[in-house]
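This is what each chain is made of:
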Amino acid sequence: MRIGIITLIVAYVLSQFYRAFLAVMTPALKTDLGATPEDLAQASGAWFLVFALMQIPVGWALDNIGPRKVAAGLLALGGAGGAAMFAMASSPDHILYAMILIGIGCSPVLMASYFIFARLYSPAVFGTLAGMVIGFGSLGNIAGALPLALAVEQFGWRTCLWALAAVTLVVAALIMVTVDNPPKVEVEEGQAKGSVLDLLKMPALWALFPLMFVNYAAAAGLRGSWAGPFLRDVYGLGTTGIGWVTMAIALAMVVGSFAYGPMDRIFGTRKWVIFTGNMIAVGMVFLLWAFPEAGVLNISLTMAAIGLFAASFPLLMAHGRSFYPPHLVGRGVTLMNMFGIGGVGVFQYASASVYRSAQGPDVAVTAPYQAVFLFFAVPGLIGCLLYLFSQDRTD
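Summary of the structure given here. (Residues numbered from 1 in each chain as written. Predicted model: local features only at pLDDT ≥ 70, side-chain atom pairs only at ≥ 80, totals over all residues. Heavy atoms only, no water.)

Our focus in this paragraph is the overall build of the protein. For the protein, the count of helices and strands is 22 helices and 0 strands. In terms of C-alpha radius of gyration, the protein reaches 20 Å, essentially the compact-globule figure of 21 Å for 395 residues. Looking at the protein residue by residue over its 395 residues, the buried ones come to 59%. In the protein, the proportion of contacts linking residues at least 24 apart, taken out of those at least 6 apart, comes to 86%. (Helix = DSSP H or I, 4+ residues; strand = E, 2+ residues; numbered from the N terminus. Rg over C-alpha atoms; globule rule 2.2 N^0.38 Å. Buried < 20%, exposed > 50% of the residue type's maximum accessible area, 1.4 Å probe, protein only. Contact = heavy atoms within 4.5 Å.)

Written as structure tokens, this is what we have:
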């Protein structure tokens, strides 16, 4: 099973790469295809939205089919197929369709490993294991920054996408060979099998959903879409410069994922670790909105801080995991993931309209980006405040 988990982590590296690589390719895609910041934000948002919508069928499939076939099949068809479509793109619309396919392909890989952890290990260590997967998987976030920028300049973006399609297909095949499905949980006689509706009836989870919905939105939005256009338009950075800044964000997200994992056991609380970290992250987004011309170094550090303190996703998943009944673990982790990734998709897609509505002949170049930053910041604050009603649980 260890080799299978490693293979799933490699697949998650690809998932992290695909959700974040558009920002670095902003200059090349604008030059070759005429793709605007709105086009790329909508394509990135579509990835997250379809990824989120897939969580309900993926949850059912994990509980009933198992992680091996679900992860391998979708990654091969959607991930590799979408990367190939992207490589052949001749318009921004083709990028949108390719990102939808890639989102479908990536939708089961993280939840497959979480499903295995939830079945084989106690809830007390789930947060640490979940953070470990996110931390190692975030190497894809790093690869989608400066390394991709250098590769695009050296080989061209189409060659890079063809190579990614081939790598994705190989990883899907390895999942099929190396991953073992955990033992099924037998439902006791007379006990209903249950569904996602049973989870939605649990008040404890509804206290987590708002923060889950907004937690990752700003960090993913900056890393995946808006950092590139913002740094290009306001500071004149090219592909390599954008690559350096986005790599700093990605590294901060890696550190944050590893750091958050064991925090609940160190401090004896999940709720207050999550709340404190997210409030700091929201404060950094407000700072970005208030001082967009603070200089490249200050802006880079602020964006990195957002990535660091907003990396509480694995601990939020662990908080939700503590309430799931054993036979609904698959649907439980995917339901939480649907809120988390769905929030990113909604905010990414809608942020394109926010950016467009704030443009005008007499407005400063920073104004549309400030509108986007505020659009991320206010819901983030609301999510933190609603999370105060949650029930702390560390078992």
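The next thing to look at is the packing of helix α5 (residues 67–87) against helix α11 (residues 157–178). The N-to-C vectors of α5 and α11 enclose an angle of 170°; their axes lie 8 Å apart at closest approach. The orientation of α5 relative to α11 falls into the category roughly antiparallel. On the side of α5, the interface is formed by R68, K69, A71, A72, L75, A76, G79, A80, A83, A84, F86 and A87, while α11 contributes W157, R158, L161, W162, L164, A165, T168, L169, V171, A172, I175 and M176. Here the residues of the contact of α5 with α11 are counted per class, giving 19 nonpolar, 2 polar and 3 charged. (Axes fitted to C-alpha atoms, helices over the stretch in contact; angles between N-to-C directions. Parallel < 35°, antiparallel > 145°, perpendicular 65-115°, else oblique. Nonpolar A, V, L, I, M, F, W, Y, C, P; charged D, E, K, R; others polar.)

The next subject is the environment of L222. Along the chain, L222 turns up in helix α15 (residues 217–235). Given the relative accessible area of 3%, L222 is considered buried. Once the C-alpha coordinates of L222 and A304 are considered, the two residues, 82 residues apart in sequence, prove to be 9.9 Å apart.

Moving on to the packing of helix α18 (residues 271–290) against helix α20 (residues 313–321). Close contact between α18 and α20 brings their axes to 10 Å; oriented N to C, the two are set at 145°. The handedness of the crossing between α18 and α20 comes out as left-handed. Residues K271, V273 and I274 of α18 touch α20, and the partners they reach there are L315, L316 and H319. Broken down by class, the residue content of the contact of α18 with α20 amounts to 4 nonpolar, 1 polar and 1 charged. (Left-handed = near helix turned anticlockwise from the far one by under 90°.)

So, about the environment of L374. With respect to the element layout, L374 can be found in helix α22 (residues 367–387). Given a relative accessible area of 30%, L374 falls into the partly exposed group. In this structure, the C-alpha to C-alpha distance between L374 and I5, residues 369 residues apart in sequence, is 39 Å. In this view, L374 contacts F286, W289 and P379; residues no more than four positions away in its chain are not counted.

We now examine a nonpolar patch on the surface. The grouping of W272, V378, I382, L385, L386, L388 and F389 at the surface amounts to a nonpolar patch, some 670 Å² of accessible area in total. Broken down by element, the nonpolar patch gets its largest block of residues, 4 residues, from α22. (Patch = residues over 30% accessible without salt bridge, like charges linked within 9 Å, V, L, I, M, F, W, Y side chains within 5 Å. Areas by Shrake-Rupley, 256 points an atom, 1.4 Å probe, with all protein chains shown as cover. Salt bridge = Lys/Arg side-chain N within 4 Å of Asp/Glu carboxyl O.)

Quick look at the packing of aromatic side chains now. Applying the stated criterion across every chain, the model contains 24 aromatic pairs. Measuring from centroid to centroid gives 5.4 Å for F230 and Y369, while their planes differ by 70°, and the two rings are edge-to-face. Of the two residues, F230 sits in helix α15 while Y369 sits in helix α22, which places them 139 residues apart along the sequence. In this structure Y369 comes out as buried when scored by relative accessible area, which is 1%. Ring geometry for W272 versus F275: centroids 5.8 Å apart, planes at 85°, classification edge-to-face. Linking W272 with F275, this pair stays in helix α18, spanning 3 residues, or about one helical turn. On the accessibility criterion, W272 (44% relative accessible area) is partly exposed. Ring pairs connect the aromatic residues W226, F230, Y235, Y355, Y369 and F373, which therefore count as one cluster. For the cation-ring pair, R19 lies above F51, with the distance from its terminal atom to the ring centre recorded as 5.6 Å. (Phe/Tyr/Trp six-rings, centres within 6.5 Å; stacked < 30°, edge-to-face > 60°. Lys NZ or Arg CZ within 6 Å of the ring centre and 35° of its normal.)

With 21 residues, α5 ought to run about 30 Å at 1.5 Å a step, and its terminal C-alpha atoms sit 29 Å apart, in line with that. In the structure, α5 departs most strongly from a straight axis at L75, where the bend amounts to approximately 35°. (Expected span 1.5 Å × (residues − 1). Bend = angle between axes of the 7 residues up to and from the residue.)

The next point concerns helix α10 (residues 146–155). Inspection of α10 places L146, L148, A149 and V152 among the buried residues, and these make up the whole buried set. Take α10 and look down its axis: the buried residues cluster within an arc of 165°, on one side only. Turned more than 90 degrees off the buried face of α10, the exposed positions are Q154 and F155. Among the structural elements, α1 (2–20), α2 (26–33), α9 (139–143), α11 and α16 (239–260) are those in contact with the buried residues of α10. (Arc of directions from axis to C-beta.)

For M336, the location among the structural elements is in helix α21 (residues 329–357). Counting along the chain gives 128 residues from M336 to L208, while the straight-line C-alpha distance between them is 8.7 Å. Those residues in contact with M336 that sit more than four places away from it in its chain are L208, F209, M212, L316, M317, G320 and Y324.

Quick look at the nonpolar core now. Counting residues in hydrophobic clusters, the biggest one holds 130 residues, and the most contacted among them are Y18, F21, L22, M25, L29, F86 and Y114. It is α21 that provides the largest number of residues to this core, a total of 11 residues. When near neighbours in sequence (up to four residues on either side) are disregarded, L22 contacts L29, L40, A43, S44, F86, I95, M99 and G224. Counting 6 residues, the second largest nonpolar core, distinct from the first, contains I142, A145, L146 and A250. (Core = buried A, V, L, I, M, F, W, Y, C linked by side-chain atoms within 4.5 Å.)

Attention now goes to the state of the cysteines. Enumeration over the complete set of coordinates arrives at 0 disulfides. Left unpaired, C106 is separated from the closest cysteine sulfur, that of C160, by 17 Å. Its relative accessible area of 0% is what places C106 among the buried residues. (Disulfide = S-S within 2.5 Å.)

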